[in-house]
Amino acid sequence: MEIKKDIQSQQISKIQAVGYRNFPMVPKVVYGKGSFDQLGEILMPRRKNADAACIFLVDDVFEGTQLMARLPLIFNDQVILISADEEPKTDQVDALVAKIKKEYSELPSGIIGIGGGTLLDLAKAVAIMLQNEGSASKYQGWDLVRKPSIYHVGIPTISGTGAEVSRTTVLLGPDKKLGINSDYTVFDQVLLDPDLTEGVDKEQWFYTGMDCFIHCIESLNGTYLNAFSQSYGEKALELCKEVYLGSLCDSEAREKLMMASWHGGMSIAYSQVGVAHAMSYGLSYLLGVKHGIGNCLVFQHLEEFYPEGVAMFHQMRKKHGIQLPTGICAQLSDDEYDVMIKVSLGMEPLWENALGKDWRTKIGPDQLKAIYSKI
Ligand code: NAD
Ligand code: ZN
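Residues numbered from 1 in each chain as written. Chains lettered and ligands numbered in written order. Predicted model: local features only at pLDDT ≥ 70, side-chain atom pairs only at ≥ 80, totals over all residues. Heavy atoms only, no water.

Caption draft 1: Highlighting the overall build of the protein chain. Along the protein chain, the regular secondary structure elements total 14 helices and nine strands. What you see for the protein chain is a C-alpha radius of gyration of 21 Å, in line with the 21 Å of a compact globule of 375 residues. Each principal axis of the C-alpha distribution contributes one length, and for the protein chain these read about 60 × 60 × 45 Å. Across the 375 residues of the protein chain, 53% fall into the buried class. At a minimum sequence separation of 6, the contacts of the protein chain that also span at least 24 residues come to 77%. Summing over all exposed atoms, the protein chain offers an accessible surface of approximately 17100 Å²; the carbon and sulfur share of this is 52%. The averaged location of the 47 negative side-chain charges in the protein chain is 5 Å from the averaged location of its 36 positive side-chain charges. (Helix = DSSP H or I, 4+ residues; strand = E, 2+ residues; numbered from the N terminus. Rg over C-alpha atoms; globule rule 2.2 N^0.38 Å. Buried < 20%, exposed > 50% of the residue type's maximum accessible area, 1.4 Å probe, protein only. Contact = heavy atoms within 4.5 Å. Areas by Shrake-Rupley, 256 points an atom, 1.4 Å probe, with all protein chains shown as cover. Lys, Arg positive; Asp, Glu negative; His and termini not counted. Charge placed at Lys NZ, Arg CZ, Asp CG, Glu CD.)

Structure, rendered in structure tokens:
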């Protein structure tokens, strides 16, 4: 009898195992203050020949700064400065790919993204699209990429999004805002140098850092949670509390927030985000509100879903004197509300993670409208 039970349970776990996600992780990481100066040495073995350049996509906030002089440029390498004022778009990716193909006879040896989530996502997308036909918009979705991307490196200069570890690159396309989620999206190399985040202004530090905090709350309170996600989520949350509620010196806070971002990203890799992200996507699609601040604008009103997390968020916000903008949705028409609600409710896995399989019985357009109208 016992043996039969054992075989049955083995069969059940086999069936379940078929559904488990087998996701890639960043294969190489270097961490440490000043590690940016190792970039040249890291790239050297990846250089195919003198004609296959390294292309550095760099946030234009660094124009004219010391960091530019530290870029390990040789041969016909190129730096492309890009503004992070707007979130990345599929046609922007297409234009970058066309430019690189036009200017070089050979595919680059590597794409190096230096900046926040915006630049990291652009670098991932360009590396994919240099090897895959057509527009980036064709690949927005899950596992639509057929050919491996070219070698790409991510170097965050602001902490929180987890874009440095994730298998997605979030792009605004002609008809949707959706990631290119694929095994080929993941960086081949990440360089984590906490000193690079030194110049971030306070508001942006708070908004992008809260993206990480919200990843933790949504992952740890979701129905998809498992021991893998929990282990990373709890660590990330602990680090966020130290950074935003503790009394660390600036340098320690930069180090810890960088690791919080990494762990928060790992946590959602094996679970999912929730209500704040689903609703923030609606805001971003209609109004172009950026990810970090958009999450904060929504999250502040989600006490019904995440009571402890929202209370802690307000504690952090007050401690750092952050005033969130108000009246963002005040002038919107009913049709505009409907667009945001449709985009948000379209994020099915996020709702399922947040509220369970029967989420449709628990949330609907009226509740979403009531929350949006408070923003
Ligand atoms: P960001 O890249 O949009 O940058 C925010 C601001 O900070 C910009 O003005 C930028 O110039 C500035 N900045 C960056 N580093 C700086 C530095 N060291 N000194 C001074 N200023 C600096 O910010 P973000 O919040 O990191 O990224 C948001 C983007 O990330 C969104 O497009 C979002 O969709 C994406 N995202 C992606 C993932 C993913 O898994 N791929 C996850 C979450 C968010
Ligand atoms: Zn996020």
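Caption draft 2: View of the nonpolar core. Phe 213, Phe 299 and Leu 302 are the most contacted members of the largest nonpolar core, which totals 56 residues. In terms of residues, this core owes the most to one element, helix H6 (residues 202-220), which gives eight residues. Sequence-distant contacts of Leu 302, defined by excluding residues within four places in its chain, comprise Val 275, Ala 276, Val 310 and Ile 371. Membership of the second largest hydrophobic core comes to 40 residues, among which are Ala 127, Val 145, Val 165 and Met 266. (Core = buried A, V, L, I, M, F, W, Y, C linked by side-chain atoms within 4.5 Å.)

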